[in-house]
Amino acid sequence: SQQGEEDPQALSIQEGENATMNCSYKTSINNLQWYRQNSGRGLVHLILIRSNEREKHSGRLRVTLDTSKKSSSLLITASRAADTASYFCATDAYSGTYKYIFGTGTRLKVLA
Amino acid sequence: EPEVTQTPSHQVTQMGQEVILRCVPISNHLYFYWYRQILGQKVEFLVSFYNNEISEKSEIFDDQFSVERPDGSNFTLKIRSTKLEDSAMYFCASSEGTGRSSYTFGSGTRLTVV
């Protein structure tokens with residue numbers, strides 16, 4: 001599997017519910033980021049979590065990182081229709097230089 | 001808030017033509033990147049650029065691709081002879097620190113090769 005795979009691939013929930021997306025990766029990382037992409041638009045940075053951090057919050061977003069399981073989760077609480085987008089995790093990969101490698105993404109649909 | 005600017009937002013080109021995609025990174029950022037996303041697929045790394053030279057490039061970034069920072073502010077991606085499979089969204093990004101810092105992405109250029 002690829003470095004950075006999100007699960008589920010697609011998620012449909014009702015407005016007000018919580019949405020949880022997971023990301024698994026294969027190699028050791030220093031940082032992991034979550035990005036959001038509205039359909040056909042650019043990538044918006046949400047949160048960066050470092051390997052020595054276990055949890056970070058930003059507004060309605062909560063990100064956890066479990067380096068022993070090589071996994072991260074993004075929780076969006078009290079979802080809104082405007083949260084409908086694709087969400088990607090990106091992990092820093094070192095092969096001479098650092099760069100971020102993106103996962104396959106989770107398509108979230110929040111129904112009003 | 002500073003942003004990365006990409007132009008044009010959409011470009012249609014004939015197969016075999018050269019295209020140049022333009023990006024203006026954030027002014028105090030030192031590291032620059034190009035990524036692409038074929039419709040419905042994942043975001044793929046193309047190339048990183050630092051100190052006026054390529055730091056790393058992926059297998060996708062073959063001899064048809066080149067990057068340049070011609071004037072200290074713009075960062076361009078050139079595709080010399082476009083193919084149908086080059087149709088994708090191309091994203092430019094910049095970061096202040098090394099590749100471990102958070103990236104700021106532009107809104108992308110949608111390239112359509114016909």
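Chemist: When you look at the state of the cysteines in this model, what are you seeing that I'm missing?
Modeler: The term disulfide refers to a covalent linkage connecting the sulfur atoms of a pair of cysteines. Taken as a whole, this structure holds two disulfides over all chains when the rule is applied. Linked covalently through their sulfurs, C23(A) and C89(A) form a disulfide whose S-S length is 2.0 Å. Since a negative S-S torsion denotes a left-handed disulfide, the C23(A)-C89(A) link at about 65° is right-handed. With C23(A) in strand β3 (residues 19-24) and C89(A) in strand β9 (residues 85-94), this residue pair connects regions lying 66 residues apart in the sequence. With a relative accessible area of 1%, C23(A) lands in the buried category. For C89(A), a relative accessible area of 0% puts it in the buried group. Disulfide pairing places C23(B) opposite C92(B) at an S-S distance of 1.9 Å.

Chemist: Sorry, what's going on with the sheet that holds strand β7 (residues 65-68) of chain B here?
Modeler: Strand pairing in a sheet is mediated by backbone hydrogen bonds. Such pairs are either parallel or antiparallel. Residue and element names in this part refer to chain B. Spatially, the four strands line up as an open sheet ordered β1-β3-β8-β7, and their pairing is antiparallel. Unpaired on one side and paired on the other, β1 (5-7) and β7 mark the two borders of the sheet. Recorded for the sheet is a direction-independent mean angle of 20° between the axes of neighbouring strands. Where β1 lies against strand β3 (residues 19-24), three bridges are found, and the strand directions are antiparallel. What sits directly across from T5, in β3, is V24.

Chemist: Just to check I follow, could you spell out the packing of aromatic side chains for this structure?
Modeler: Two aromatic rings are characterised by how far apart their centres lie and by the angle between their planes. For the structure shown, the criterion picks out 17 aromatic pairs over all chains. When the ring of Y33(B) is compared with that of Y103(B), the centres are 4.1 Å apart and the planes differ by 15°; the resulting orientation is stacked. Taken together, the residues span a long stretch of sequence, with Y33(B) in strand β4 (residues 31-37) and Y103(B) in the loop between β9 (88-95) and β10 (104-105) at a distance of 70 residues. Seen from their ring centres, Y103(B) and F105(B) are 6.1 Å apart, and the 45° between their planes marks the pair as tilted. Take F105(B): its relative accessible area is 9%, and that puts it in the buried class. Aromatic ring contacts, followed pair by pair, group Y35(A), F88(A), Y100(A), F102(A), Y33(B), Y35(B), F45(B), F91(B), Y103(B) and F105(B) into a single cluster. Positioned over the ring face of F45(B) is K99(A), at 5.3 Å from the centre of the ring.

Chemist: Whenever I open this one, the pattern of salt bridges confuses me. Can you help?
Modeler: Pairs can form between side chains of opposite charge once their charged atoms are near each other. Residues and elements named next belong to chain A. Inspection of the entire model under this criterion finds five salt bridges over all chains. E55 is paired through a salt bridge with R62; the nearest N and O atoms lie 3.1 Å apart. You can call R62 partly exposed: its relative accessible area is 30%. A salt bridge links R60 to D83; its shortest N-O distance comes to 2.9 Å. Highlighted residues: R60 in the loop between β6 (55-58) and β7 (61-66) and D83 in the loop between β8 (71-76) and β9, separated in sequence by 23 residues. Accessibility expressed as a relative area gives 23% for R60, which makes it partly exposed. Here the salt bridges do not stand alone but share partners, grouping R36, R60 and D83 into one network.

Chemist: I tried to follow the interface of chain A and chain B on my own but got confused; where do I start?
Modeler: By a frequent convention, interface size equals the accessible area lost on bringing the separate parts together. Listed per partner, the contact involves 23 residues of chain A and 20 residues of chain B. Summed over both partners, the interface of chain A with chain B comes to about 1,700 Å²; 55% of that surface belongs to carbon and sulfur atoms. Linking chain A with chain B are one salt bridge, by the criterion used here. Between E56(B) and K99(A) there is a salt bridge whose closest N-O contact spans 2.7 Å. Taken together, the links from chain A to chain B amount to six residue pairs in polar contact (both at pLDDT 80 or more). Of all the secondary-structure elements, those providing two or more residues to the side of chain A that touches chain B are β4 (31-37), β5 (43-50), β9 and β10 (98-102) of chain A. Tallied by class, residues from the side of chain A that touches chain B come to eight nonpolar, twelve polar and three charged.

Chemist: Looking at this model, I keep getting lost on unusual backbone geometry. Mind explaining?
Modeler: Most peptide bonds are trans, and most residues other than glycine sit at a negative phi. For the bond running from D7(A) to P8(A), omega is 0°, close enough to zero to count as cis. Structurally, the position occupied by P8(A) is in the loop between β1 (5-7) and β2 (10-14). Look at the link from T7(B) to P8(B): it is a cis peptide, with omega at -10°. Even without being a glycine, K70(A) presents a positive backbone phi close to 50°. Here K70(A) is to be found in the loop between β7 and β8.

Cut-off values and rules
Residues numbered from 1 in each chain as written. Chains lettered and ligands numbered in written order. Predicted model: local features only at pLDDT ≥ 70, side-chain atom pairs only at ≥ 80, totals over all residues. Heavy atoms only, no water. Disulfide = S-S within 2.5 Å. Helix = DSSP H or I, 4+ residues; strand = E, 2+ residues; numbered from the N terminus. Buried < 20%, exposed > 50% of the residue type's maximum accessible area, 1.4 Å probe, protein only. Pairing = 2+ DSSP bridges. Axes fitted to C-alpha atoms, helices over the stretch in contact; angles between N-to-C directions. Phe/Tyr/Trp six-rings, centres within 6.5 Å; stacked < 30°, edge-to-face > 60°. Lys NZ or Arg CZ within 6 Å of the ring centre and 35° of its normal. Salt bridge = Lys/Arg side-chain N within 4 Å of Asp/Glu carboxyl O. Contact = heavy atoms within 4.5 Å. Buried area = accessible area lost by both parts, 1.4 Å probe. Polar contact = N/O pair within 3.5 Å; in protein donor to acceptor, adjacent residues only side chain to side chain. Nonpolar A, V, L, I, M, F, W, Y, C, P; charged D, E, K, R; others polar.

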